[in-house]
Amino acid sequence: MTKPLKIAIAGLGTVGGGIVKMVQKHGALLEKRAGKAIEITAVSARSRGKDRGVDLSGYAWEDNPVALSQRDDVDLVIEVMGGEDGPAKACVETALQNGKHVVTANKAMLALHGQSMAEMAENSGVALRYEAAVAGGIPIVKALTEGLAGNGITRVMGVMNGTCNYILTEMERTGAAYADVLKDAQALGYAEADPSVDVGGIDAAHKLSLLSSVAFGTKVDFASVQIEGIERVSLADIKNARDMGFSIKLLGVSRMNADGLEQRMQPCLVPANSPLGQLDGVSNMVVVDGDFIGQTVYQGPGAGEGPTASAILGDVMDIARGLVIPVFGQPAAGLSNSEASRAGSDAAYYLRFSLQDQAGVLATLATILGNFGVSINRMHQYSHGGQSAPLVIVTHATSRTALDQALAEISALPASLAAPIALRIETL
Ligand SMILES: NC(=O)c1ccc[n+]([C@@H]2O[C@H](COP(=O)([O-])OP(=O)(O)OC[C@H]3O[C@@H](n4cnc5c(N)ncnc54)[C@H](OP(=O)(O)O)[C@@H]3O)[C@@H](O)[C@H]2O)c1
């Protein structure tokens, strides 16, 4: 009889609990599909006595998760504790060094230690898989490393944090302010008590850095991701963008430019009638452009017990079937040290100015933009009661450097009442 694949689970919270439920519910199905049984042999979490709503009586318990990685009756360790260092890192590294496969949902850890862990896995001849770490249940790592492996990838772009997408779509739908929608998201369990990692764009940037590595054959370089969260997105900008046919999304974009790898996670405008523009609520979406395939779009639930367990089990099944592919789609030793692109790619921008309502101000502003080669595509001046005249401009494609120089000059005008807002417009 074929030997079972024996797995251990470090962490029994939302994700770990979901994995136990899935293995218990679908044991027979998994065995048929993999050609061998998937057996949980040991588990670990902080508190042994906690009722987790699942029967753990058949599994060995370890107080220390690292001990799971040292057991003879474990072939594969699933790390779902979280934390970029500490027990998660120790547990994963010990497993890899001991020749055990690893599946993890931990994007923070891989964004910082992905390269060294990939080298460890490949030296030991084992798999290190992380589908659940990026865009939850969407099999995007698999799409890039396998289905699209014959393509040169030209851009990876997406909405990869459900909390932020929920907040932005609720602001647009209800007209409520950021702080109020954030409170609702916390009450519904979509946002953490400390939401800074989500709304600050860091969680999504972790994910983008992993996809960049797979797409462009570079070492994971989280430190070079330009990150801006959604905290400063105003209702006025959401409404103005909508009037001009756009939606605002926290968008991750990664592409290889002539001067290096561009990785940005920031609020951007996308066409309201595009798949990304229509993405509502906590869903995630990733758009991949490849030279032979063209554009592909992947949508699905980005978090939660079921979707995350689904992604973990997908990885476990591949390993059970004997599939061991390089962690970032090519041998780790061959991943390049790419420069971070300084200039970034040209784009159209949405600009909002608060200007004193004086004769000649508009002409001055247009002249300054023109002097820096920023040409105006569309302009809208909103009606106003007081002295301030809100003005919205959509530019043609321009370089960010030229735009920043123009905006600095406009900010210094006596008629400028507040710093201009500039949001990039990403095309699909
Ligand atoms: N939740 C999601 O939807 C989701 C989606 C994608 C990726 N992820 C990632 O999946 C991982 C887990 O997330 P989660 O939502 O399942 O977290 P969680 O609900 O907070 O669960 C964490 C689990 O790890 C255990 N744990 C923490 N520190 C430990 C330690 N030092 N030793 C042993 N066990 C320890 C906890 O034990 P106790 O239960 O005893 O406290 C708990 O069972 C994170 O990396 C997260 O980023 C989560």
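**Here's the deal with the pairing of strand E5 (residues 101-104)**
- Side-chain alternation along E5 places His101 and Val103 on one buried face and Val102 and Thr104 on a second face that is also buried.
- In the sheet, strand E4 (residues 76-79) pairs with E5 via four bridges, with the strands oriented parallel. When the bridges of E5 are listed, Val77 appears paired with Val102.
- With respect to chirality, the unit in which E4 leads through helix H3 (residues 86-97) into the neighbouring parallel E5 is right-handed.
- Where E5 meets strand E6 (residues 128-129), two bridges bridge the pair, whose relative direction is parallel.

**With respect to the site of the ligand**
- In the vicinity of the ligand lie 22 residues, with Leu12, Val15, Ser47, Arg52 and Gly304 positioned nearest.
- In the environment of the ligand, an oxygen atom lies 2.7 Å from a nitrogen or oxygen atom belonging to the backbone of Ser47.
- Isolated, the ligand exposes 900 Å² of accessible area, and the fraction of that covered by the protein chains is 77%.
- Looking at side-chain class alone, the shell around the ligand contains 10 nonpolar, eight polar and four charged residues.

**A short note on the domain arrangement of the protein chain**
- Each domain of the protein chain was delimited in the assignment, giving domain 1 (5-133), domain 2 (147-300) and domain 3 (348-425).
- Using only C-alpha atoms to locate each centre, domain 1 and domain 2 end up separated by 29 Å.
- Across the contact, eight residues belong to domain 1 and nine residues belong to domain 2.
- Summing both partners gives a buried area of about 750 Å² for domain 1 against domain 2, and 71% of it is carried by carbon and sulfur.
- Looking at the side of domain 1 facing domain 2, the largest losses of area belong to Lys107, Ala111 and Gln115, adding up to 57% of the total buried there.

Calculation notes
Each chain has its residues counted from 1, following the order in which its sequence is written. In keeping with the predicted nature of the model, local features appear solely for residues at pLDDT of at least 70, side-chain atom pairs appear and are counted solely at 80 or more, and the whole-chain, interface and lining totals rest on all residues. Hydrogens and water are ignored here; the side-chain numbers use all heavy atoms of the structure. When accessible area is computed with a 1.4 Å probe and restricted to protein chains, residues below 20% of their type maximum are described as buried, those above 50% as exposed, and intermediate ones as partly exposed. Numbered from the N terminus, helices here are DSSP runs of H or I no shorter than four residues, and strands are runs of E no shorter than two. Two strands form a pair only when DSSP identifies at least two bridges running between them. Note on handedness: a clockwise path from strand one over the helix to strand two, with the strands aimed away from the viewer, defines a right-handed crossover. Near residues are defined by distance, with any heavy atom within 4 Å of the molecule or strand qualifying the residue. Definition of a polar contact: a pair of N or O atoms within 3.5 Å, with one able to donate and the other able to accept a hydrogen when the atoms are protein atoms, and with sequence-neighbouring residues admitted only if both atoms are side-chain atoms. We get accessible surface area from the Shrake-Rupley algorithm with a probe of 1.4 Å; when it comes to residues, only the shown protein chains can shield them. Ten residue types, Ala, Val, Leu, Ile, Met, Phe, Trp, Tyr, Cys and Pro, are classed as nonpolar, four, Asp, Glu, Lys and Arg, as charged, and the remainder, Gly among them, as polar. For the domains described, the bounds stem from an automatic or database domain assignment. By the convention used here, residues are in contact when the closest approach between their heavy atoms is within 4.5 Å. Throughout, buried area stands for the accessible area (probe radius 1.4 Å) lost by two parts on being put together, summed over both.

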